[in-house]
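Listed below are the residues making up each chain.
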Amino acid sequence: MSAKGLEGIVAAQSSISSIIDGVLTYAGINIDELAENASFEEVVYLLWHGRLPKADELAQLKKDLAENATIPEDVIALLKASPEGNHPMAVLRTAISALALYDPEAQDMSREANLRKAIRLQAKVGTVVAAYHRIREGKEVVAPCPDFGLAQNFLYMLNGEEPKQIAIDALDTALVLHADHELNASTFAARVTVATLSDIYSGITSAIGALKGPLHGGANEAVMAMLEEIKDPANVEEYINEKLAQKVKIMGFGHRVYKDGDPRAKHLRKMSEKLTSITGQPQWYEMSVKIDDMVTSKKGLKPNVDFYSASVYHSLGIPRDLFTPIFAISRMSGWTAHILEQYENNRLIRPRAEYVGPVNAHYVPLEER
Ligand SMILES: CC(C)(COP(=O)(O)OP(=O)(O)OC[C@H]1O[C@@H](n2cnc3c(N)ncnc32)[C@H](O)[C@@H]1OP(=O)(O)O)[C@@H](O)C(=O)NCCC(=O)NCCS
């Protein structure tokens, strides 16, 4: 018997993050503690090294990330040459794959080189997303500022002005919450790819492709589309009842592993409440809460990480189709950590399929078919 969707299959051992009894930890530290206290850079170090950085190690990581944040002119030219109307995730997938062509260490499989490439990928992914957005808006690309952290730099490169502290803090917390999540679909895709001993860029390109889909990272964009379609809290009841009657999935709800709620959602819910009130657009939060109450009571499905992150990102002034690329900016840390771990103790990942096709079939010559 096959396990459809590999449900319940333990396909790897990992010491990067765990989901045990509905509790998510990164290297054993509860996500709640990290969301309250850690910076995204501390989490990046934690995922790569299995422990929190000391002050000098954190300073060095920040310096390395800042020094590697620029992207080659050729990649900017590639972004400029991208046909209009493409989804930023498709552009990101292409641009990250292209970055490999400009990395002289792309094929060096030593741990040291792979760690350096992980730094480059983490440093550059936000630059690519922001640069593409500026280009499609017909604006000048903004170079990264060497004094800024990842969250601050992303908002700065996106908008061309220094972001407010509250926006930096909110994005930083969102990045912490999305950084890793055990053997989710995109991380699995990355591990499958590099388990053939292919390079880290190939693994990340696979991961971005997997994250793009609406059942995975693409859900946060779909949630915002739903909120915009509903428009007003007064319309929630009719809209949700109709969708449930049509057996249409409500984006941002349900999870393969959590059946009793996603521990990340409560942090994003709080952030959504605060940010939507500051921006004077509380309707996004109110609608979200109404949808949450209805889907929870009628379907027994709880919101996942993507549900409240939609109104959080919207409140930060981020366009809807950049929500999933922001997920990718954060998850780059987890993907690269998993790739490094896979290389450390590699075996080809090659499951079997249960064959359900015809048997004893025969070749029929073309003229007799
Ligand atoms: C996350 C998800 C892909 C998990 O999928 P899964 O473990 O394969 O679960 P299934 O899709 O088999 O769902 C099991 C049942 O719950 C229902 N269900 C699951 N998620 C639902 C949702 N968001 N809205 C309505 N019904 C849902 C399914 O229709 C199915 O019902 P059925 O048994 O009557 O056919 C799924 O819950 C989903 O599609 N959610 C919406 C997309 C999303 O938010 N993704 C981000 C995940 S972090």
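Parameters and conventions
Residues numbered from 1 in each chain as written. Predicted model: local features only at pLDDT ≥ 70, side-chain atom pairs only at ≥ 80, totals over all residues. Heavy atoms only, no water. Buried < 20%, exposed > 50% of the residue type's maximum accessible area, 1.4 Å probe, protein only. Helix = DSSP H or I, 4+ residues; strand = E, 2+ residues; numbered from the N terminus. Axes fitted to C-alpha atoms, helices over the stretch in contact; angles between N-to-C directions. Parallel < 35°, antiparallel > 145°, perpendicular 65-115°, else oblique. Left-handed = near helix turned anticlockwise from the far one by under 90°. Contact = heavy atoms within 4.5 Å. Nonpolar A, V, L, I, M, F, W, Y, C, P; charged D, E, K, R; others polar. Near = heavy atom within 4 Å. Polar contact = N/O pair within 3.5 Å; in protein donor to acceptor, adjacent residues only side chain to side chain. Areas by Shrake-Rupley, 256 points an atom, 1.4 Å probe, with all protein chains shown as cover. Domains from an automatic or database assignment. Buried area = accessible area lost by both parts, 1.4 Å probe. Salt bridge = Lys/Arg side-chain N within 4 Å of Asp/Glu carboxyl O. UniProt positions renumbered as here; feature names shortened; annotations may be inferred.

Engineer: Looking at this structure, how should I read helix 7 (residues 150-159)?
Structural biologist: For an α-helix, the turn length of 3.6 residues means that residues three or four places apart are oriented alike. Burial analysis of helix 7 places eight of its 10 residues in the buried class, the great majority of the element. Every buried residue belonging to helix 7 is among Leu150, Ala151, Gln152, Asn153, Phe154, Leu155, Met157 and Leu158, and all of these are buried. Taken from the residues just after helix 7, Gly160 is the one with a positive phi, measuring 75 degrees.

Engineer: What is the right way to look at the packing of helix 8 (residues 165-178) against helix 13 (residues 265-278) in this model?
Structural biologist: Geometry of a packed helix pair, given as the angle between the helix axes and the separation of the axes. Running from amino to carboxyl end, helix 8 crosses helix 13 at an angle of 160 degrees, the nearest separation of the two axes being 11 Å. Put simply, helix 8 runs roughly antiparallel to helix 13. When you trace helix 8 past helix 13, the crossing you get is left-handed. Mapping the contact onto sequence places Ile166, Ala170, Thr173, Ala174, Leu177 and His178 in helix 8 and His267, Leu268, Met271, Lys274, Leu275 and Ile278 in helix 13. Grouping the constituent residues of the contact of helix 8 with helix 13 by class yields eight nonpolar, three polar and one charged.

Engineer: Explanation requested: the site of the ligand in the structure shown.
Structural biologist: Close to the ligand lie 16 residues; Lys249, Ile250, Gly252, Phe253 and Arg256 are nearest. A distance of 2.8 Å separates an oxygen atom of the ligand from a polar atom in the backbone of Gly252. The contact in question runs from an oxygen atom of the ligand to an N or O atom on the side chain of Asn304, over 2.9 Å. Coverage of the ligand by the protein amounts to 64% of the 860 Å² it exposes when considered alone. The residue makeup of the shell around the ligand, split by class, is seven nonpolar, five polar and four charged.

Engineer: So what exactly am I meant to see when it comes to the domain arrangement of the protein chain here?
Structural biologist: Many authors give the size of an interface as the accessible area that is lost as the parts come together. Each assigned domain of the protein chain is listed with its residue range as follows: domain 1 (16-212 + 321-344) and domain 2 (219-315). Each partner contributes to the interface: domain 1 provides 22 residues, whereas domain 2 provides 22 residues. For the domain 1 and domain 2 pair, buried surface summed over both sides reaches about 1800 Å², with 67% attributable to carbon and sulfur atoms. The largest contributions to the domain 1 side of the interface with domain 2 come from Leu177, His178 and Phe323, which together make up 32% of the buried area. On inspection of domain 1 and its partner domain 2, the count reaches two salt bridges. The residue Asp32 makes a salt bridge to Lys266 at a minimum N-O spacing of 3.0 Å. If you look at where domain 1 meets domain 2, you find seven residue pairs in polar contact (both at pLDDT 80 or more). When contributions to the side of domain 1 that touches domain 2 are tallied by element, the ones reaching two or more residues are helix 1 (31-37), helix 8 and helix 16 (323-344). Sorting elements by how many residues they give to the side of domain 1 that touches domain 2 places helix 8 first, with seven residues.

Engineer: Help me out: how do you make sense of the side chain of Ser330 in this one?
Structural biologist: Assignment of secondary structure puts Ser330 in helix 16. Ser330 gets classed as buried once you look at its relative accessible area, which sits at 1%. For Ser330, the side chain forms a polar contact with the main-chain oxygen of Leu175, separated by 2.6 Å. Every residue in contact with Ser330, bar those within four places of it in the chain, is listed here: Phe40, Gln122, Leu175, His178 and Ala179.

Engineer: Teacher, can you tell me more about the packing of helix 3 (residues 55-67) against helix 6 (residues 111-136) here?
Structural biologist: Taken N-terminus to C-terminus, the directions of helix 3 and helix 6 make an angle of 65 degrees; their axes are 8 Å apart at the nearest point. Regarding helix 3 and helix 6, the two cross each other, and that crossing is right-handed. Side by side, helix 3 and helix 6 meet where Leu61, Asp64 and Leu65 of the first sit next to Ile119, Gln122 and Ala123 of the second. Partitioned by chemical class, the residues of the contact of helix 3 with helix 6 number four nonpolar, one polar and one charged.

Engineer: Which parts of the structure should I look at to understand the pattern of salt bridges?
Structural biologist: When the charged atoms of two side chains lie near each other, side chains of opposite charge can form a pair. Scanning the entire structure with this criterion turns up 14 salt bridges. The partner of Asp260 in a salt bridge is Lys302, with the nearest N and O atoms 3.4 Å apart. Of this pair, Asp260 sits in the loop between helix 12 (236-245) and helix 13 while Lys302 sits in the loop between helix 14 (283-299) and helix 15 (305-315), placing them 42 residues apart in sequence. Among the charged side chains, a network of salt bridges with common partners joins Asp103, Glu105, Arg116 and Arg120.

Engineer: What is the right way to read the UniProt feature "active site" (unreviewed entry) in the protein chain from this model?
Structural biologist: Annotation from UniProt places "active site" (unreviewed entry) at His255 and Asp306. Separation in sequence by 52 residues is not matched in space for these annotated residues, since their most distant C-alpha atoms are only 10.7 Å apart. Turning to its location among the elements, His255 is positioned in the loop between helix 12 and helix 13. Apart from the residues lying within four places of it in its own chain, the contact partners of His255 are His181, Asp262, Arg264 and Asn304. Here the side chain of His255 touches Tyr258 through a polar contact of 3.3 Å, landing on its backbone nitrogen. Residue placement: Asp306 occurs in helix 15. The exposure class of Asp306 is buried, given its relative accessible area of 6%. Other than its neighbours up to four places away in sequence, Asp306 contacts His216, Gly217, Ala219, Asn220, Val223 and Phe327.

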